[in-house]
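# Summary of structural features
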Amino acid sequence: MEKHYLTDKYHPLPEGYKPADLVRAPVPFLAPVNDMKRYISVVVYDPIRKLFHACAKDGLSLMGISAFRAFERQKEIYENSVRKRGREYTSKRIAYPGTSEHQTGLAIDVSCAAVDYDLVEEFEYTDEGMWLKKHAHEFGFVFSFTRENEEYTGYINEPWHIRYQCEEARFYDGD
Ligand SMILES: [Zn+2]
């Protein structure tokens, strides 16, 4: 089995790390069919499929926005944001390259039509957002960035960002 990692502001990933087991997530996405945004670690394949399926069965419609993101892409996004909005704004919203959960292949951002598929806090109050909050854990997902852990994570509340709790995933410690 492939190694999987966790990351946060205090535990960067190995430089340029990319999971070797990326597969296209079996859920609807806005991104073009071959976009790496659609990819996710294979351990998340069934859990995310089941989560989307259960949500659809309840008459709601989630949309995948962004799952895997490579180090280089994170660097571009981070640097663009610093240029446009400054370092303080950026540091609360965009992970420094090497510390994004999207680089682990275990995280996915989702949204819905009611907020125009944006990644905004209002998603939390949509039917899909409330469904997700209630049911995500049943499929093994957690919310990485909440009001409760804001102080520790250093990021604002992100009700659209969920991470699969992969049992063997751990912080990188140099091996
Ligand atoms: Zn995210």
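Structure: see above.
### Quick look at the side chain of threonine 99
Mapping threonine 99 onto the fold places it in the loop between helix 3 (87-93) and strand 5 (107-111). For threonine 99, a relative accessible area of 8% puts it in the buried group. Side-chain polar atoms of threonine 99 contact the backbone oxygen of tyrosine 96, separated by 2.7 Å.

### What about the sheet that holds strand 7 (residues 161-164)?
Taken in spatial order, the four strands of this open sheet run 4-5-7-6, and their pairing is antiparallel. Each edge of the open sheet is held by one strand with a lone partner, namely strand 4 (63-66) and strand 6 (141-143). The sheet shows a mean angle of 45 degrees between the axes of neighbouring strands, direction not considered. By the bridge criterion, three bridges tie strand 5 to strand 7 in an arrangement that is antiparallel. By the bridge assignment for strand 7, alanine 107 is matched with arginine 163.

### Let's talk about the pattern of salt bridges
Oppositely charged side chains can form a pair if their charged atoms are brought close together. Applying the stated rule across the entire model yields ten salt bridges. Salt-bridge contacts for aspartate 46 lead to arginine 49; the nearest nitrogen and oxygen are separated by 2.9 Å. With aspartate 46 and arginine 49 both in helix 1 (residues 45-57) and three residues apart, the pair spans about one turn of that helix. Overall, aspartate 46 belongs to the partly exposed group, its relative accessible area being 35%. A salt bridge links arginine 147 to glutamate 124; its shortest N-O distance comes to 3.1 Å. Pair noted here: arginine 147 is in the loop between strand 6 and helix 5 (150-153) and glutamate 124 is in the loop between strand 5 and helix 4 (127-135), with a separation of 23 residues, a long-range link. Residue class for arginine 147 comes out partly exposed when judged on its relative accessible area of 39%.

### Focus: unusual backbone geometry
Even without glycine at this site, aspartate 116 takes up a positive phi of about 55 degrees. Looking at the element boundaries, aspartate 116 is found in the loop between strand 5 and helix 4. Taking the relative accessible area as the measure of exposure, aspartate 116 reaches 61% and is therefore exposed. The backbone of tyrosine 117 sits at a positive phi, close to 60 degrees, despite the residue not being glycine. Tracing the backbone through its elements, the reader meets tyrosine 117 in the loop between strand 5 and helix 4.

Scoring rules and cut-offs
Residues numbered from 1 in each chain as written. Predicted model: local features only at pLDDT ≥ 70, side-chain atom pairs only at ≥ 80, totals over all residues. Heavy atoms only, no water. Helix = DSSP H or I, 4+ residues; strand = E, 2+ residues; numbered from the N terminus. Buried < 20%, exposed > 50% of the residue type's maximum accessible area, 1.4 Å probe, protein only. Polar contact = N/O pair within 3.5 Å; in protein donor to acceptor, adjacent residues only side chain to side chain. Pairing = 2+ DSSP bridges. Axes fitted to C-alpha atoms, helices over the stretch in contact; angles between N-to-C directions. Salt bridge = Lys/Arg side-chain N within 4 Å of Asp/Glu carboxyl O.

Limitation: the analysis is restricted to geometry and does not speak to function.
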